[in-house]
Amino acid sequence: MQCFPSLVLALSSLLGALALLQLSLYLRVPSRYGKHEERLCRPRGRLPARCAWFLQELPSFLVPALLLALRSPPRLEPLGCRLLCCLFCWHYFYRTFIYPFFTRGRPFPLQLLFFGMLFCIYNGFLQGYYLIYCAEYPNDWCTDIRFTSGLLLFLLGMGINIHSDLLLRQLRKPGEVTYKIPQGGLFTYISGANYFGEIVEWFGFAIATWSLPAFAFAFFTLCCIGPRAYHHHRYYLKTFTDYPKSRKALIPFVF
Ligand code: NDX
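Source: prediction; values computed, not measured.

(A) Spatial organisation of helix H5 (residues 145-169). Helix length check: H5, at 25 residues, gives a terminal C-alpha distance of 36 Å against a target of 36 Å (1.5 Å per residue), a fit within 8%. Among all positions in H5, only Phe147, Gly150, Phe154, Gly157, Met158, Ile160, Asn161, Ser164, Asp165, Leu167 and Arg169 are buried. In the core, the buried residues of H5 are packed alongside helix H3 (79-102) and helix H6 (193-209). Capping the start of H5, Asp144 holds a side-chain oxygen 2.8 Å from the backbone nitrogen of Arg146, two or three residues further along.

(B) Structural detail: the side chain of Lys35. Within the secondary structure, Lys35 is located in the loop between helix H1 (5-26) and strand E1 (46-47). Buried within the structure, Lys35 lacks any salt-bridge partner; its nearest side chain of opposite charge belongs to Asp165, at an N-O separation of 11 Å. Here His232 takes part through its side chain, which lies 3.4 Å from a polar atom of the side chain of Lys35.

(C) Expanded view of the packing of aromatic side chains. Under the counting rule described, the total for this entry stands at 32 aromatic pairs. With a centroid separation of 5.0 Å and 40° between ring planes, the pair formed by Phe93 and Phe97 is classed as tilted. Separated by four residues within a single helix, Phe93 and Phe97 lie in helix H3, roughly one turn from each other. For Phe93, a relative accessible area of 39% puts it in the partly exposed group. Take Phe97: its relative accessible area is 29%, and that puts it in the partly exposed class. Positioned above the aromatic ring of Tyr99 is the side chain of Arg95, whose terminal nitrogen or guanidinium carbon lies 4.8 Å from the ring centre.

(D) Spatial organisation of the pattern of salt bridges. With the rule as written, the count across this model stands at five salt bridges. Across the salt bridge formed by Glu37 and Arg46, the nearest N and O atoms sit 3.1 Å from each other. When the shortest N-O distance is used, the salt bridge between Asp144 and Arg146 registers 3.0 Å. According to the relative accessible area criterion, Asp144 is buried, its value standing at 19%.

(E) Structural view of the UniProt feature "transmembrane region" (unreviewed entry) in the protein. Taking the UniProt record as the reference, the feature "transmembrane region" (unreviewed entry) is found at residues 7-27, 108-133, 145-164 and 202-225. What you have in residues 145-164 is 100% helix and 0% strand, and the ends, taken at the C-alpha atoms, are 28 Å apart.

(F) Fine view of the site of the ligand. Close to the ligand lie 38 residues; Gln22, Tyr33, Tyr179, Lys180 and Tyr195 are nearest. For the ligand, an oxygen atom lies 2.9 Å from a polar atom in the side chain of His232. In the complex, the protein chains occlude 94% of the 1300 Å² of accessible area that the ligand would expose alone. Those elements giving two or more residues to the shell around the ligand turn out to be H1, helix H2 (49-70), H3, helix H4 (110-134), H5, H6 and helix H7 (212-239). The greatest single-element share of the shell around the ligand, amounting to seven residues, is contributed by H7. Within the shell around the ligand, the residues separate by chemical class into 18 nonpolar, eleven polar and nine charged.

(G) Highlighting the state of the cysteines. Here the structure, examined in full by the defined rule, presents one disulfide. Note that Cys3 is cross-linked by a disulfide to Cys134, the S-S spacing being 2.2 Å. Because the sign of the S-S torsion sets the handedness, a value of about 105° for the bond joining Cys3 and Cys134 places this disulfide among the right-handed ones. Here Cys3, found in the segment before H1, pairs with Cys134, found in helix H4; they are 131 residues apart in sequence, far enough to count as distant. Note on Cys3: relative accessible area 26%, which makes it partly exposed. Relative accessible area serves as the criterion here: at 12%, Cys134 is assigned to the buried category. Unpaired in this structure, Cys120 has its nearest cysteine sulfur neighbour in Cys224, at a distance of 10.0 Å.

Thresholds applied
Residues numbered from 1 in each chain as written. Predicted model: local features only at pLDDT ≥ 70, side-chain atom pairs only at ≥ 80, totals over all residues. Heavy atoms only, no water. Helix = DSSP H or I, 4+ residues; strand = E, 2+ residues; numbered from the N terminus. Expected span 1.5 Å × (residues − 1). Buried < 20%, exposed > 50% of the residue type's maximum accessible area, 1.4 Å probe, protein only. Contact = heavy atoms within 4.5 Å. Polar contact = N/O pair within 3.5 Å; in protein donor to acceptor, adjacent residues only side chain to side chain. Lys, Arg positive; Asp, Glu negative; His and termini not counted. Salt bridge = Lys/Arg side-chain N within 4 Å of Asp/Glu carboxyl O. Phe/Tyr/Trp six-rings, centres within 6.5 Å; stacked < 30°, edge-to-face > 60°. Lys NZ or Arg CZ within 6 Å of the ring centre and 35° of its normal. UniProt positions renumbered as here; feature names shortened; annotations may be inferred. Near = heavy atom within 4 Å. Areas by Shrake-Rupley, 256 points an atom, 1.4 Å probe, with all protein chains shown as cover. Nonpolar A, V, L, I, M, F, W, Y, C, P; charged D, E, K, R; others polar. Disulfide = S-S within 2.5 Å.

Here it is, written out as structure tokens:
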């Protein structure tokens, strides 16, 4: 396989367009899973959350990992490329092999799972293909301010995301499906702490890679889970009369 810059440009542009489509579809009405699924009791057409999240996220780990393993001759230099590809796989290792096995979420709709998987194949290929076959970084990229500040943001965002996922999980005992007011960590300030972490993480990745595909993915993440954080916030305000009034939806003290 070789690098086709026009393919990278086309796939990144399509990702940007999907982000805008996502925004227009889900700004008013949230995507129908979790607390926003209308018919919560309908057992058909849904898969247990553990299985669904594992299957959905697996391609995001597998596709770039396979591209990396199959590259011949192996790409060993520069260090920046390898590190960046490993960061992407590291996040999706967590999301595929750790997150699903601890989730206490509701069963997930099959239809969304199908689209989610397609999305993960698409994005896993785009990010992996670009980093493994196209990206060119100078040998001292690891000391460049974009790499170091981006890496720092990535790690900070990932820390917030994992910690917030944990706080949400601890709201329920095994087998419980009720919703409670999230407390602690960044939830003290915002309703969508896990989403805020994820968005910071992917913008950090985009800065560290300084690449069009990664900026397109960060933008997609913002358009996908930004509105969802807003809908979660409205849901909490509507459901809990004692919901903290000073808490914002997505950005501490601002929005
Ligand atoms: N999966 C990313 N669009 C998505 C699935 C849906 O990883 O066709 C995007 C991801 C996909 C979407 C994915 C892409 C776009 C799709 C969409 C479906 C349609 C759409 C394909 C791939 C589409 C077009 C065509 C336009 C392109 O019962 P429960 O499940 O609600 O329980 C929850 C629990 N919880 C609580 N428990 C007690 N009390 C409370 N108050 C609680 N509040 C929540 O916590 C869950 O078990 C758990 C987390 O819930 P929630 O709702 O806060 O987070 P969730 O949305 O489930 O995300 C989980 C994690 C989170 O860390 C988030 O940052 C990350 O995954 N994520 C999620 C979505 C997308 C994404 C990251 C990204 O874009 N990077």
